[in-house]
Amino acid sequence: MYRIVKKKQLSEKIFLMNIEAPRIAKSALPGQFVIIKLHEKGERIPLTIADYDREEGTVSIVVQAVGGSTQRMETMNEGDHIMDIAGPLGKPSDFIEEFEEMKDKKILFVAGGVGSAPVYPQVKWLHEHGMDTDVIIGGRSADLVILKEEMSKVANEVYVATDDGSLGMKGRVTDMIDHLVKVEGKKYDLVIAIGPLIMMKFVALQTKELGISTVVSMNPIMVDGTGMCGACRVTVGDKIKFACVDGPEFDGHLVDFDEAMRRSTTYKEKEKLQQFKAEECQCHRG
Amino acid sequence: MILERIKVREQDPKVRSTNFEEVCLGYNEAEAVEEAKRCLGCKSKPCVSKCPVAIDIPEFIKYIKEENFEMASEELFKHTSLGAVCGRVCPQEVQCESKCVLSHKGEAVAIGKLERFVADWHRKNKPASTTVRENSGKKVAVIGSGPAGLSCAGDLAKKGFDVTVFEALHELGGVLTYGIPEFRLPKEIVKHEINNLKSIGVKFEKNVVFGRTINFQSLEEEGFESLFIASGAGLPKFLGIEGEGLNGVFSANEFLTRANLMRAFDDEYETPMQIGNKVAVVGGGNVAMDAARTALRLGAEVYLIYRRTEKELPARVEEVHHAKEEGVKFVFLTNPAEITGEDGWVKGVKCTKMQLGEPDDSGRCRVSTIEGSEHIIEVDSVIMALGTRANPIITELKNDLELNEWNNIKVFNDNGKTSAKNTYAGGDAVTGAATVILAMGAGRKSAQEIANNLA
Ligand SMILES: Cc1cc2nc3c(=O)[nH]c(=O)nc-3n(C[C@H](O)[C@H](O)[C@H](O)COP(=O)(O)OP(=O)(O)OC[C@H]3O[C@@H](n4cnc5c(N)ncnc54)[C@H](O)[C@@H]3O)c2cc1C
Ligand SMILES: Cc1cc2nc3c(=O)[nH]c(=O)nc-3n(C[C@H](O)[C@H](O)[C@H](O)COP(=O)(O)OP(=O)(O)OC[C@H]3O[C@@H](n4cnc5c(N)ncnc54)[C@H](O)[C@@H]3O)c2cc1C
Ligand code: SF4
Ligand code: SF4
Ligand code: FES
């Protein structure tokens, strides 16, 4: 059993939890995730490690309540216990191993909605290693822009774009990329985009045109997260890759996003399908 | 010489195809004794030569004849810790029973069923041992709680080591828990075995992934002096054909994991399951049979598509027989060429007919496509049961663990010695997908060598 040591609501449907899991805290690196099973009869759900404290032996997750398991999790409080947490899973971000070559590059992070959670530890890690990066945070409206304060402390510059203009620039993250590159004349060697599939798809299309290499973090349906079941497969450059062991980060210009978006609806009842797509599209289409 | 076996009682096919209870009910005492009497107690013990762990078959059967079930189990447990499992899942017809002298004229002695009887008798009649030996304080880590890991851990604990098993999943047992279904191997048996190990002092840590949560270095820092890696076979294979990315295409591992480990078919459990009314299972091994029979129990009409003939099916004969009785429709000499879809979901499997040709070097007949034989089998789900390839978490470990030509862990002797310091490996992680008994045997051999080296 793993104890929840801290819980904090970040917006209406997004909350942060620090969970006691010393083994995971000890080995976690940016880019990795955990799989959580709340109780005996629960399902295994993947969640990115948003931060970790090796001394305290805790890992942080930032969760958006979207369905059964995440909503149940939202009702849990400090002192409650989670039955199972496995991790850290997936490969750490490439820049960790290739840091020497990355040092002089200009990186732009693009975080959409709850995607700020996986972006944050990466920006922080780079900051701690002496490299400050730019970050775009996008959300439908101001209350869905999360971790802005935390991010500002570790980033070079944080740019915010909201669909309704309630915070930062009015527009989508892709509009902000356009603005930065074309109006402000900024040059980036690498874009790391994490958010809803539809956002990553349009960012990748745009950066391809702009000629900037792009890494995306895939979030397919998973079961074991250890490379045993194949549920998490994504097509990358015509090859089948398993996001839980080969990823979750891949070359954004090679990922088949349309297939990934379709596959993510496998367990949605068919009538709910349209609604789901509509919801995602509103917030992040470029 | 009695040429015919004592028939083993089974659930009626009509009834069992709608439930998950065990299909084969096993022998009762009287039946077991009768069957045991058929054994001739051959001096040369031909049957033993084909048992991967050399169980002294005539010896334990002799005790059954004498109705001394306690001695029978003692004899059995000298050689195996998983008799109740192997009696149920060993491919006996190509192992021990294939060499039984009775098979020349009639039916081989039902060695597997007798082994199962003895182990079941012991489980029901003898309380688990709770004699935790004083351990020497020497710590050994075992990675993976499948049959290889469990047997290695058990032997090491009995030899007085302080053993911890690290398991990636939230349940113990490996394939015995997430792969092989309840109707073939009741989970209670696996649990019993694990409880026995706990009672003799083996420690278990779940949700720990070697190569991610822990590694060689961290284990050394924790004071482990030796390591046995039994992480099983890895990633499921796909065919690489058009349409495999459609919704409704699953690997058998995913489907079976949802059913067995996550109990997705039970509404009280939260994991969802999406299996249509008509299901195609592609493959011909035990995994394919298990997937087909599980889909059948969930109410689907099931086609099992295999590119060779019934004779070449690699699955245990008993499973094929049971699958047929339950109503799985076998489609032989047929190969999927494409999965067709509609609105992103599976609509059918486009197949070609195959023909058998000359045997190749390995003695297996080559198969070739018959031109112009394309046809579509309409289904709404496709389950791929095509085998596995090595798991990258293990193969990408950054250290001196050498791999063999199939990317599995390379071993340098019969006891699973690897190129890494004080590290041994066994089971599917070394051989690729194989059998429970081979995995168990490998675990026991490594345990012996680890014990010798640490002594
Ligand atoms: C590598 C990875 C990292 C992730 N990180 C985060 C994170 O940091 N914060 C966060 O809020 N969410 C994250 N997610 C998504 C999160 O796993 C899903 O939101 C969650 O599983 C939904 O479960 P539910 O029961 O609440 O909703 P449901 O109603 O079951 O599902 C809602 C939608 O979530 C997706 N989903 C459902 N089950 C799974 C599953 N087992 N695996 C993956 N997706 C699933 C499906 O697209 C589904 O349509 C991540 C997913 C992956 C694969
Ligand atoms: C559906 C199915 C049916 C089968 N039917 C039969 C049959 O009828 N008869 C027969 O003899 N054989 C059968 N087999 C094969 C048999 O089950 C395997 O050969 C046997 O289980 C291998 O044992 P193992 O201990 O090597 O690995 P496994 O049983 O695979 O166990 C490995 C364990 O290690 C864990 N693990 C993996 N990676 C890590 C890691 N990095 N860190 C920590 N833990 C890890 C896994 O989660 C798993 O629990 C079947 C297999 C399947 C899938
Ligand atoms: S372990 Fe398998 S091969 Fe050996 S005697 Fe038992 S059933 Fe036969
Ligand atoms: S070969 Fe058959 S008859 Fe002879 S000892 Fe073995 S089981 Fe008995
Ligand atoms: S989640 Fe099962 S293989 Fe990736």
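Please refer to the structure higher up on the page.
Being a predicted model, the structure only gives us computed values, none of them experimental.

Criteria and cut-off values
- Residues numbered from 1 in each chain as written.
- Chains lettered and ligands numbered in written order.
- Predicted model: local features only at pLDDT ≥ 70, side-chain atom pairs only at ≥ 80, totals over all residues.
- Heavy atoms only, no water.
- Pairing = 2+ DSSP bridges.
- Helix = DSSP H or I, 4+ residues; strand = E, 2+ residues; numbered from the N terminus.
- Axes fitted to C-alpha atoms, helices over the stretch in contact; angles between N-to-C directions.
- Contact = heavy atoms within 4.5 Å.
- Near = heavy atom within 4 Å.
- Polar contact = N/O pair within 3.5 Å; in protein donor to acceptor, adjacent residues only side chain to side chain.
- Areas by Shrake-Rupley, 256 points an atom, 1.4 Å probe, with all protein chains shown as cover.
- Nonpolar A, V, L, I, M, F, W, Y, C, P; charged D, E, K, R; others polar.
- Core = buried A, V, L, I, M, F, W, Y, C linked by side-chain atoms within 4.5 Å.
- Buried < 20%, exposed > 50% of the residue type's maximum accessible area, 1.4 Å probe, protein only.
- Expected span 1.5 Å × (residues − 1).
- Buried area = accessible area lost by both parts, 1.4 Å probe.
- Salt bridge = Lys/Arg side-chain N within 4 Å of Asp/Glu carboxyl O.
- Phe/Tyr/Trp six-rings, centres within 6.5 Å; stacked < 30°, edge-to-face > 60°.
- 1 Å grid on protein atoms, 1.4 Å probe; cavity = no way out; pocket = protein on both sides within 12 Å on 5 of 7 lines; lining within 4 Å.
- Points joined across faces, edges and corners; volume = space filled by probe spheres on them.

Caption draft 1: Quick look at the sheet that holds strand S18 (residues 423-425) of chain B. Residues and elements named next belong to chain B. Strand order in the open sheet formed by 5 strands is S5-S4-S3-S6-S18, with parallel pairing between adjacent strands. A single partner strand is all that each edge strand has here, and the edge strands are strand S5 (203-205) and S18. Within this sheet the neighbouring strands show an average axis-to-axis angle of 20°, counted without direction. Two strands pair when backbone bridges link them, and strand S3 (residues 139-143) and strand S4 (residues 162-166) are joined in this way by 5 bridges, in the parallel orientation. From the neighbouring strand, Ile143 faces S4, where its bridge partner is Phe166. Here helix H17 (residues 436-454) sits on the sheet and contacts S3, strand S6 (224-229) and S18; the angle it forms with S6, its principal contact strand, is near 165°.

Caption draft 2: Structural detail: the sheet that holds strand S2 (residues 14-20) of chain A. All names here are of chain A. Strands sit in the order S5-S6-S2-S1-S7 across an open sheet of 5 strands; the sheet is antiparallel. A single partner strand is all that each edge strand has here, and the edge strands are strand S5 (51-53) and strand S7 (81-82). Of the strand pairs in this sheet, strand S1 (residues 2-9) and S2 are connected by 5 bridges, and their pairing is antiparallel. When the bridges of S2 are listed, Ile4 appears paired with Ile19.

Caption draft 3: Structural view of the site of ligand 2. All names here are of chain B. Around ligand 2, the surrounding shell holds 34 residues, and the nearest of these are Val89, Glu167, Arg184, Phe210 and Asp428. Between ligand 2 and Ala168 there is a distance of 3.2 Å, counted from a nitrogen atom to a backbone nitrogen or oxygen. Thr435 is positioned such that a nitrogen or oxygen atom in its backbone is 3.4 Å from an oxygen atom of ligand 2. Considered on its own, ligand 2 offers 990 Å² of accessible surface; in the complex 95% of this is hidden by protein. Mapped onto the shell around ligand 2, the elements with two or more residues apiece are helix H8 (147-158), helix H13 (286-297) and H17. Of the residues forming the shell around ligand 2, the biggest block, 3 residues, is contributed by H13. A per-class count over the shell around ligand 2 returns 19 nonpolar, 10 polar and 5 charged.

Caption draft 4: Spotlight on the nonpolar core. Ranked by size, the top nonpolar core spans 69 residues in total, and within it B:Ile57, B:Phe60, B:Ile64, B:Leu114 and B:Leu156 carry the most contacts. No other element matches the 8 residues that H17(B) contributes to this core. If we skip the residues at most four places from it in the chain, B:Leu114 touches B:Tyr27, B:Ala32, B:Glu35, B:Ala36, B:Phe60, B:Ile61, B:Ile64 and B:Val109. Ranked by size, the runner-up nonpolar core spans 59 residues in total, among them A:Val181, A:Tyr188, A:Ile198 and B:Ile305.

Caption draft 5: Geometry of H8(B). Residue and element names in this part refer to chain B. With 12 residues, H8 ought to run about 16 Å at 1.5 Å a step, and its terminal C-alpha atoms sit 16 Å apart, in line with that. Of all 12 residues in H8, 11 are buried, a share of seventy percent or more. At the exit of H8 stands Gly160, carrying a positive phi of roughly 90°.

Caption draft 6: A look at the interface of chain A and chain B. Each side of the interface is counted separately: chain A has 46 residues, and chain B has 47 residues. Roughly 3,900 Å² of surface becomes buried between chain A and chain B when both sides are summed, with 51% attributable to carbon and sulfur atoms. Sorting the residues of chain A by area buried against chain B places A:Arg23, A:Met228 and A:Tyr267 first, and these three jointly supply 20% of that buried surface. Counting across the chain A and chain B interface gives 6 salt bridges. Residue B:Glu222 is joined to A:Arg23 by a salt bridge in which the shortest nitrogen-to-oxygen separation is 2.6 Å. Linking chain A with chain B are 26 residue pairs in polar contact (both at pLDDT 80 or more), by the criterion used here. Elements supplying a minimum of two residues to the side of chain A that touches chain B: helix H1 (22-27), helix H2 (68-74), strand S8 (84-89), strand S16 (239-242), helix H9 (243-246) and helix H10 (257-263) of chain A. Residues that form the side of chain A that touches chain B fall into these classes: 16 nonpolar, 12 polar and 18 charged.

Caption draft 7: Quick peek at the packing of aromatic side chains. Inspection of every chain in the model, using the stated rule, returns 10 aromatic pairs over all chains. Aromatic side chains A:Phe95 and A:Trp125 sit 5.6 Å apart centroid to centroid with 40° between the ring planes, which places their arrangement in the tilted category. Taken together, the positions of A:Phe95 in helix H3 (residues 94-97) and A:Trp125 in helix H5 (residues 116-128) put the pair 30 residues apart, joining distant regions of the chain. Of the two residues, A:Phe95 and A:Trp125, neither departs from the other in class, the shared state being buried. Here B:Phe166 and B:Phe224 contribute two aromatic rings whose centre-to-centre distance is 5.8 Å and whose plane-to-plane angle is 75°, an arrangement assigned as edge-to-face.

Caption draft 8: Spotlight on empty space enclosed by the protein. By the definition in use, this model includes 7 cavities of 30 Å³ or more. Taken as a whole, the largest cavity spans an internal volume of roughly 150 Å³. Every residue lining the largest cavity is counted, 18 residues in all, and those nearest its centre are A:Ile221, A:Ala231, A:Arg263, A:Ser264 and A:Thr266. Elements represented by at least two residues in the lining of the largest cavity include exactly strand S15 (233-236) and H10 of chain A together with strand S8 (249-251) and helix H12 (252-261) of chain B. Looking at the lining of the largest cavity residue by residue, the class counts come to 9 nonpolar, 5 polar and 4 charged.

Caption draft 9: Inspection of unusual backbone geometry at higher detail. With an omega dihedral of -5°, the bond running from A:Gly87 to A:Pro88 counts as a cis peptide bond. By the secondary structure assignment, A:Pro88 is in strand S8. Omega for the bond connecting A:Gly247 with A:Pro248 falls within 30 degrees of zero, at 15°, which places this linkage in the cis form. Within the fold, A:Pro248 resides in the loop between H9 and strand S17 (249-251). Positive phi, normally seen in glycine, also occurs at B:Arg263, with a value near 50°. When you line up the elements, B:Arg263 lands in the loop between H12 and strand S9 (278-282).

Caption draft 10: Inspection of the environment of A:Lys91 at higher detail. For A:Lys91, the location among the structural elements is in the loop between S8 and H3. A sequence separation of 59 residues divides A:Lys91 from A:Gln32, and the C-alpha atoms of the two residues are 6.0 Å apart. There is a polar contact of 3.3 Å between the side chain of A:Lys91 and the side chain of B:Glu396.

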